[in-house]
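So you can see what is in the structure, the chains are spelled out below.
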2 protein chains.
Amino acid sequence: MSSQVNRRIVLIARPHGNPKASDFQVVEGPIPVPGEGEVLVRNKLLSLDPFNRILMGNANSDQAPIELGNMMFGFTVGVIEHSNNTAFTVGDHVSGFLGTLGWQDYAVSDGSDIRIVDPQAVPLATYLGVLGVTGLTAWVGLSKVLNPKPGGTLVVTAAAGAVGSVAAQIGKLRGYRVVGIAGGPDKTRYLVESLGLDAAVDYKAENFAVKLAAATPEGIDTLYDNVGASLFPTLLPLINTGAQIVIGGVMSQITMTETSEGPDHLPDILRAIMYKNLTVRGFNVTEFYDLYPEFLAELTPAVAGGTVISTTHSIEGLENIPVIFPDMFTGRNPGKMVAKID
Amino acid sequence: MSSQVNRRIVLIARPHGNPKASDFQVVEGPIPVPGEGEVLVRNKLLSLDPFNRILMGNANSDQAPIELGNMMFGFTVGVIEHSNNTAFTVGDHVSGFLGTLGWQDYAVSDGSDIRIVDPQAVPLATYLGVLGVTGLTAWVGLSKVLNPKPGGTLVVTAAAGAVGSVAAQIGKLRGYRVVGIAGGPDKTRYLVESLGLDAAVDYKAENFAVKLAAATPEGIDTLYDNVGASLFPTLLPLINTGAQIVIGGVMSQITMTETSEGPDHLPDILRAIMYKNLTVRGFNVTEFYDLYPEFLAELTPAVAGGTVISTTHSIEGLENIPVIFPDMFTGRNPGKMVAKID
């Protein structure tokens, strides 16, 4: 269904803590017209990600927010409706992998920020999740940022989340003992029964620290962390000498608005880094976009064959994004959140 | 002067916080007798290091302390007094580089933990400082643990200290802009005037954060940290994207006995690691002992030629170690602390 107007979601207020529906406004305008060398993309799927919260401001991040009144942006999958660019044909499905296409019905692109994707190979939403920048993020963290020894124990936090669920499954593909941490019994059951992890621990349950220690009897050799400060003090005592840690996200901190109260855990992490010879790294996935073909070559067969499962959570309708996006920060839904807007 | 008894310093009490003279006792015993394949070493110089504090216990470390009543150990330089090992001749000077020879007048070794050193090339104390494990630690951190880009700003904390002063000078050799952090105007003057650093900042002075920012106008690309938690919150905002950090020591934490009060800076460091794509690493220098020849090949000419200065602070007499060792933790003396015991 293509409408005669272009709906756009703009930011009208900066949240403090969790975002609210009233921070956004849906505005209507004319469908944009592609110029020379440009294409018109009709967005079909919009990716909803933690970085969208950062764009809203007050997000405990070094990345600059967008201006109030500007459109929210993010990764999308769409279809070419008009092409003035020989690289694209009307009807081609494309993925907007730089996040520039935006939370809107229609977008114009010069082709530099979109890639053609195959709608027959896997469900389209997969190109936003396990085969999109989400999956690339998980893969880069485990393959290019860290250089983990084969075998050993990999712990993934927010393991039922978009990036975490892919990182955990890549870990299984590569032969690690994989232990996932997630919130609530539904998610931990999902991690073991659907994703095939070796163990899963509910951080909301009583005696979390004891249960995590029991699930990692030989300690933690590699940690793919998506959560940040809230779980770190519990994880640190279990980290093995020589372990490698990637900080892929700081979900527990993203809506922090106040300075954290004590005790101060900074001495603990510095001491661990020094005496346990740890490597702790962050990364910016955009610096690894040129590896996207290598990533697809490894992951596409695993996804098509069902070894790696897509964990998309879909909602319907662009107009519902403002209401549903805030759920991401309450951990209500597992997997990758995607809005179907066509 | 060789005595007829062997004096040994044993640990008789575990300190809380800074060590005290009464934690040690000097005991006398017979001179040990080397067996087959062994040598008798008369220690001439003992190295006093922060890790000796860790051996005493209650040191906020994962490394196990020694038992009460046992001898303190550390790096030494001595001379062969008797040899049943064809690799060593009476009169050879040797460095005990594994730290096993101990705080005593005489030691027996099977040769595996000592190396012959040249007393003509440089002053003997140099083999405990800039050309010893101290210097190796600085060199490994900058050469093997990190892989810093050429140029840029290197900040070294505790830059007037044993490891820091070598790290800072290696930084200058390699063409970095080097900024040292130390306590007090005497030390900062020493860093600029004697070691040739580009700038030095006194962390005890008022407006330390402002002065550090002024001394690093293009931010910090590489950080060799020896201090740990006390300076980190001031350093973090100045760290550049993609920066590399080695945690070579946690001097400010080593005598901590209580949990640190808030605010909690753990979220700050995790956020910085993630959004600034930092690499933060610790290391155990003993895993790099096989690189000692490569290290000596680079540093010996620089030390012999005076480009890299030895910063030894010597005290006299084994019997004075218990009284003077605690000074290390008050930051009273710059450079490498060495006891002359012959």
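Here, the structure is the one placed above.
Residues numbered from 1 in each chain as written. Chains lettered and ligands numbered in written order. Predicted model: local features only at pLDDT ≥ 70, side-chain atom pairs only at ≥ 80, totals over all residues.

Novice: Break down the interface of chain A and chain B for me, with residues and values.
Specialist: Facing the 36 residues of chain A at the interface are 36 residues of chain B. Among the elements of the structure, helix H7 (266–275) and strand S13 (279–281) of chain A are those that each provide at least two residues to the side of chain A that touches chain B. Looking at the side of chain A that touches chain B, its residues break down into 16 nonpolar, 14 polar and six charged. (Contact = placed C-beta atoms within 7 Å. Helix = DSSP H or I, 4+ residues; strand = E, 2+ residues; numbered from the N terminus. Nonpolar A, V, L, I, M, F, W, Y, C, P; charged D, E, K, R; others polar.)

Novice: Tell me about the relation of the copies chain A and chain B, and please be specific about residues and values.
Specialist: The operation relating chain A to chain B is a screw motion whose rotation component is 180°, with 0.0 Å of axial translation and a residual RMSD of 0.0 Å. Classification of the inter-copy transformation places it as that of a two-fold axis. Considering only C-alpha atoms, the part of chain A nearest the rotation axis is Gly 262 of chain A, at 1.6 Å. Most of the interface of chain A is mirrored in chain B: 100% of its interface residues are interface residues there too. (Least-squares fit on C-alpha atoms with pLDDT ≥ 70 in both.)

Novice: So what's going on with helix H7 (residues 266–275) of chain B? Which residues, and what values?
Specialist: With nine of 10 residues buried, H7 of chain B lies mostly within the body of the structure. Phi turns positive one or two residues past the end of H7 of chain B, at Asn 277 of chain B, with a value near 55°. (Buried ≥ 20, exposed ≤ 12 C-beta atoms within 10 Å, placed from the backbone.)

Novice: Explain the sheet that holds strand S12 (residues 239–247) of chain B to me, and be specific about the residues and the numbers.
Specialist: Pairing is mixed across the open sheet formed by 12 strands, whose spatial order is S10(A)-S9(A)-S8(A)-S11(A)-S12(A)-S13(A)-S13(B)-S12(B)-S11(B)-S8(B)-S9(B)-S10(B). The sheet is open, and its two borders are formed by strand S10 (199–202) of chain A together with strand S10 (199–202) of chain B, each paired with just one other strand. The average undirected angle you get between the axes of adjacent strands in this sheet is 15°. Of the pairings in the sheet, the one linking S12 of chain B to strand S13 (residues 279–281) of chain B comprises three bridges and is parallel in character. Residue Gln 244 of chain B lies in a different strand from S13 of chain B, and its bridge partner there is Thr 279 of chain B. Contacts from helix H5 (residues 208–215) of chain B reach strand S9 (177–182) and S10 of chain B, with the element oriented near 170° to S10 of chain B. (Pairing = 2+ DSSP bridges. Axes fitted to C-alpha atoms, helices over the stretch in contact; angles between N-to-C directions.)

Novice: Lay out the packing of helix H2 (residues 133–145) of chain B against helix H3 (residues 162–173) of chain B with the relevant residues and their values.
Specialist: Residue and element names in this part refer to chain B. Two numbers describe how H2 lies on H3: the axes approach to 8 Å, and their chain directions differ by 50°. Considered as vectors, H2 and H3 are oriented oblique to each other. Considering the relative orientation of H2 and H3, their crossing is right-handed. Counted together, Thr 134, Gly 135, Thr 137, Ala 138, Trp 139, Gly 141 and Leu 142 of H2 and Ala 162, Val 163, Val 166, Ala 167, Ile 170 and Gly 171 of H3 form the full contact between these two elements. Classifying every residue of the contact of H2 with H3 by side-chain character gives eight nonpolar, five polar and no charged. (Parallel < 35°, antiparallel > 145°, perpendicular 65-115°, else oblique. Left-handed = near helix turned anticlockwise from the far one by under 90°.)

This is a description of form; function is not addressed.
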